[in-house]
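Chain by chain, the residues run as shown.
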Amino acid sequence: MAETNRAVIKLREKFAASVLDVKEFRGEVTVVVKREDIVEICKFLKTSLAYNLCTDVTAVDYLGKQDPRFMVVYNLYSIPNKDRLRLKAPVPEADSTIDTVSGVWNSANWLEREVYDLMGITFNNHPDLRRILMPDDWVGHPLRKDYPVQGPDREPYKGRLS
Amino acid sequence: MASSEIMTVNMGPQHPSTHGVLRLVIELDGEIIQKITPHIGYLHRGVEKLSEHRTYHQTIPLTDRLDYLAPMSNNLGYVLAVEKLLGIEVPERAQTIRVIMAELTRLKSHLVWIACHALDIGAMTVFIYAFREREMIMSLYEKISGARMTSNYFRVGGLSADVYDGFEKDVREIVDTFPGHFDTYEGLLTKNTIWLNRTVGNGVISAEDAIDYGITGPALRGSGVDWDLRRDNPYSGYEKYQFKVPVGEKCDTFDRYKVRLVEMREAVNIIRQALDSLKPGPVLADAPQVTYPPKENVYNTIEGLIHHFKIASEGFPVPEGEVYQSVEAPKGELGFYIVSDGGTKPYRMRIRPPSFVNLGAIEKMAKGSMIADLVAVIGTLDIVLGEIDR
């Protein structure tokens, strides 16, 4: 089914060099693309394939599991066609930056700020890249896998019984 | 006589009209809003981080506390996502009860919306009336789940327990009496001159802009976009029910008010259909590797006790993969993106909160209007800070 997906066919045609992988799981299609082309691909998806709603931008930290370490995830929706597409772009730890897509969809503005705040990925050319949930002077990025769940400089919680 | 002097005013985080701990820094030219800088995060509890350290069952109570005005909608989105990962089917009775509870939750949430929205604009009577009606749903919540707000009622694979005796009678009473109450609210507001002056033409956002800003739910339908996840990407058996999806025309606060009122009537409609189709049967999927065993087995057999203990302490493994499942929550599209590495805890759980994205459009909607109209815009966006800050 992933092979017959309208977006996959078009993306393979137009951005053959940047499509790294296409996966399908439980009926959901995921396309992994190179981060350098993310803005061009998003513009194309919005204007030519009517993915007009950027539902979500988030990131996953695959520390010690995958290289590159981060994966920025875009969940897109097309209101005219009622279908979804997931776009992913790998981001390495050494240079954890990716271009912003807030110029394509305005909703990405706050969502990218949240990814920056909690995951520490910088979005190039973002109009207003500030922390959004944590205080401005916070050190560290809480959703990274090497950030302790109890917070910095505290003893880990050992459970009630121990 | 416009002055060139800009005054900066701080609104919140402790302010009755910001519906929680929302802080807005507003730059004013006289009474005209020039710029709004929202500051959020005062209620950030790190639900996404916490869920990475809990089993799939232990995460359900955390989801109650996202949009605390609509706990069961959050539960529903989460359990549907985990069920999608597992690939299990939920019995029909459980699906129908889930729909009934999700729609009652929509009523509960919309009642708080109309109450607080009207109170912000000055109509106190509606507030008292709507909270009186909400109390009926709250007591039903208490009877069915044991808690008035943090319900924790749904389980991966079904429900924590079947409904109590007399549930159908209680729901029928709500279904039969609520449309009359909606008439009362409309009688108090729809043709009320003060209400019209405060809402018509306020907070206008065009359909294109609303989609661009990612607004979902009733706020998007108020801008004339005919899109509802329950109808267009049905889940939990919504395809079986007939209901109208209301849309607005003028993209203003008044149209969003009308859309939500029709939505409440349609929710009653869906509950009535679901109640009629409710048949006896199991409320938990036949998936012993995931669901808790029946209580009589736990109390009377050693196998049942071990089974219960294993699921409660260790949890259940979930196949490796990633899914995104969204539901039409009262505030908009609530999505759960779960990445599993094959273990008993989510590797990464991302919550896509509707209020967070909707709030991003506040400057677009309120810029150029009077500061007093800002409380109407906050009210019409129907935000909940528990969900924004997570």
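Residues numbered from 1 in each chain as written. Chains lettered and ligands numbered in written order. Predicted model: local features only at pLDDT ≥ 70, side-chain atom pairs only at ≥ 80, totals over all residues.

*Asks:* What am I meant to see in the overall build of chain B here?
*Replies:* Of the regular secondary structure elements, chain B holds 17 helices and eight strands. Sorting the 390 residues of chain B into buried and exposed places 53% on the buried side. (Helix = DSSP H or I, 4+ residues; strand = E, 2+ residues; numbered from the N terminus. Buried ≥ 20, exposed ≤ 12 C-beta atoms within 10 Å, placed from the backbone.)

*Asks:* Is there a simple way to explain the overall build of chain A in this structure?
*Replies:* A tally of helices and strands in chain A yields three helices and seven strands. Going from the N terminus to the C terminus, chain A shows its helices and strands as α-β-β-α-β-β-β-β-α-β. With respect to the three principal axes, the spread of C-alpha positions in chain A is 55 × 35 × 30 Å. Each of the 162 residues in chain A was classed as buried or not, and the buried ones make up 39%.

*Asks:* Could you clarify how one ought to interpret the UniProt feature "transmembrane region" (unreviewed entry) in chain B in this entry?
*Replies:* As recorded in UniProt, the sites labelled "transmembrane region" (unreviewed entry) are residues 111-131 of chain B. Helix makes up 90% of residues 111-131 of chain B and strand makes up 0%, while its end C-alpha atoms are separated by 7 Å. (UniProt positions renumbered as here; feature names shortened; annotations may be inferred.)

*Asks:* Sorry, what's going on with the interface of chain A and chain B here?
*Replies:* How big an interface is tends to be stated in terms of accessible area lost as the parts join. Tallying the contact residues gives 26 residues for chain A and 33 residues for chain B. Those elements giving two or more residues to the side of chain A that touches chain B turn out to be strand 3 (53-61), strand 4 (70-78) and helix 3 (108-119) of chain A. Grouping the amino acids of the side of chain A that touches chain B by side-chain chemistry returns 14 nonpolar, seven polar and five charged. (Contact = placed C-beta atoms within 7 Å. Nonpolar A, V, L, I, M, F, W, Y, C, P; charged D, E, K, R; others polar.)

*Asks:* Quick question: what am I supposed to make of the nonpolar core here?
*Replies:* In globular proteins that are soluble, nonpolar side chains generally tend to be buried together. Core analysis: the biggest nonpolar cluster contains 151 residues, and Val72(A), Ile121(A) and Val82(B) have the highest contact counts within it. The element that contributes the greatest number of residues to this core is helix 4 (residues 92-121) of chain B, accounting for 17 residues. Leave out the neighbours within four places in its chain, and Ile121(A) touches Ala59(A), Phe70(A), Val72(A), Val91(A), Ser96(A), Thr97(A), Ile98(A), Val115(A) and Tyr116(A). (Core = buried A, V, L, I, M, F, W, Y, C linked by C-beta atoms within 7 Å.)

*Asks:* I'm lost on the sheet that holds strand 4 of chain A in this one. Help?
*Replies:* All names here are of chain A. Taken together, the five strands give an open sheet; going across it, the order is 1-2-5-4-3, and neighbouring strands pair in mixed fashion. Sheet topology places strand 1 (19-25) and strand 3 at the edges, where each strand pairs with a single neighbour. Looking at each pair of strands side by side, their axes are set apart by 20° on average, direction ignored. Taken together, the eight bridges between strand 3 and strand 4 define a ladder with antiparallel strand orientation. Across the sheet, residue Leu 53 finds its bridge partner in strand 4, namely Tyr 77. (Pairing = 2+ DSSP bridges. Axes fitted to C-alpha atoms, helices over the stretch in contact; angles between N-to-C directions.)

*Asks:* Help me understand the UniProt feature "domain: NADH:ubiquinone oxidoreductase 30kDa subunit" (unreviewed entry) in chain A, please; the structure alone is not making it clear to me.
*Replies:* As recorded in UniProt, the feature "domain: NADH:ubiquinone oxidoreductase 30kDa subunit" (unreviewed entry) lies at residues 31-152 of chain A. With 20% helix and 30% strand, residues 31-152 of chain A has end C-alpha atoms that lie 36 Å from one another.

*Asks:* How should the sheet that holds strand 3 (residues 32-39) of chain B be read in this particular structure?
*Replies:* Hydrogen bonds between backbone atoms are what pair the strands of a sheet, whose relative direction is either parallel or antiparallel. Residues and elements named next belong to chain B. Strand order in the open sheet made by the three strands is 1-2-3, with antiparallel pairing throughout. The open sheet has two edge strands with one neighbour each: strand 1 (7-11) and strand 3. Geometrically, the sheet is characterised by an average inter-axis angle of 20° between neighbouring strands, direction not taken into account. Judged from the seven bridges that link them, strand 2 (residues 23-29) and strand 3 form a sheet pairing that is antiparallel. Each bridged residue has a counterpart across the sheet, and for Leu 28 the counterpart in strand 3 is Ile 33.

*Asks:* I tried to follow the pairing of strand 8 (residues 348-352) of chain B on my own but got confused; where do I start?
*Replies:* Walk down a regular strand and you will see the side chains alternate between the two sheet faces. All names here are of chain B. Of all five residues that make up strand 8, five are buried, and the element is covered over most of its length. Of the two faces of strand 8, the one lined by Arg 348, Arg 350 and Arg 352 and the one lined by Met 349 and Ile 351 are each fully buried. In terms of strand pairing, strand 7 (residues 332-340) meets strand 8 through five bridges, oriented antiparallel. By the bridge assignment for strand 8, Val 339 is matched with Arg 348.

*Asks:* Please clarify how the environment of Val8(A) should be interpreted in this entry.
*Replies:* Mapped onto the fold, Val8(A) is located in helix 1 (residues 6-14). C-alpha separation for the pair Val8(A) and Tyr77(A), spaced 69 residues apart in sequence, amounts to 14 Å.

*Asks:* What am I meant to see in unusual backbone geometry here?
*Replies:* Most peptide bonds are trans, and most residues other than glycine sit at a negative phi. Residue and element names in this part refer to chain A. The omega angle of the peptide bond from Asp 67 to Pro 68 is 0°, so this bond is cis rather than trans. Mapping Pro 68 onto the fold places it in the loop between strand 3 and strand 4. A positive phi angle, close to 55°, is found at Lys 82, a residue other than glycine. Along the chain, the position of Lys 82 falls in the loop between strand 4 and strand 5 (83-91).

*Asks:* Explain the packing of helix 4 of chain B against helix 11 (residues 253-276) of chain B to me, please; I cannot follow it from the model alone.
*Replies:* Any two packed helices are characterised by the angle at which their axes cross and by the distance between the axes. All names here are of chain B. With their axes 9 Å apart at the nearest point, helix 4 and helix 11 run at an angle of 155° to one another. Taken together, helix 4 and helix 11 sit at an angle that is classed as roughly antiparallel. Here the hand of the crossing between helix 4 and helix 11 comes out left-handed. Contacts between helix 4 and helix 11 pair Thr 96, Val 99, Ile 100, Glu 103, Leu 104, Arg 106, Leu 107, His 110 and Trp 113 from the former with Arg 260, Glu 263, Met 264, Ala 267, Ile 270, Ile 271, Ala 274 and Leu 275 from the latter. (Parallel < 35°, antiparallel > 145°, perpendicular 65-115°, else oblique. Left-handed = near helix turned anticlockwise from the far one by under 90°.)

*Asks:* Would you mind showing me how to read the environment of Thr216(B) here?
*Replies:* Residue and element names in this part refer to chain B. Of note, Thr 216 is situated in the loop between helix 8 (207-212) and helix 9 (218-221). Thr 216 sits 118 residues away from Leu 334 along the chain, and the two C-alpha atoms are 9.1 Å apart. Excluding residues within four positions of it along the chain, Thr 216 makes contact with Gly 332, Glu 333 and Pro 354.

*Asks:* What should I look at first to understand the packing of helix 6 (residues 167-189) of chain B against helix 11 of chain B in this one?
*Replies:* Residues and elements named next belong to chain B. Interaxial distance between helix 6 and helix 11 falls to 10 Å at its minimum, and their mutual angle equals 160°. The orientation of helix 6 relative to helix 11 falls into the category roughly antiparallel. Here helix 6 runs over helix 11; the crossing is left-handed. Seen from helix 6, the contacting residues are Glu 168, Val 171, Arg 172, Val 175, Phe 178, Pro 179, Phe 182 and Glu 186; seen from helix 11, they are Leu 261, Met 264, Arg 265, Val 268, Ile 271, Arg 272 and Leu 275. Taken together, the residues that form the contact of helix 6 with helix 11 break down as ten nonpolar, no polar and five charged.

*Asks:* Before we go on, may I ask you to explain helix 5 (residues 124-145) of chain B in this structure?
*Replies:* Since there are 3.6 residues in each turn of an α-helix, residues three or four apart along the chain are aligned in direction. Residue and element names in this part refer to chain B. Helix length check: helix 5 (22 residues) gives 31 Å between terminal C-alpha atoms against 32 Å at 1.5 Å per residue, within 8%. Burial in helix 5 covers these residues: Val 126, Ala 130, Glu 133, Ile 137, Leu 140, Tyr 141, Ile 144 and Ser 145. Among the structural elements, helix 4 and helix 6 are those in contact with the buried residues of helix 5. Following helix 5 by one or two positions, Gly 146 adopts a phi angle in the positive range, close to 90°. (Expected span 1.5 Å × (residues − 1).)

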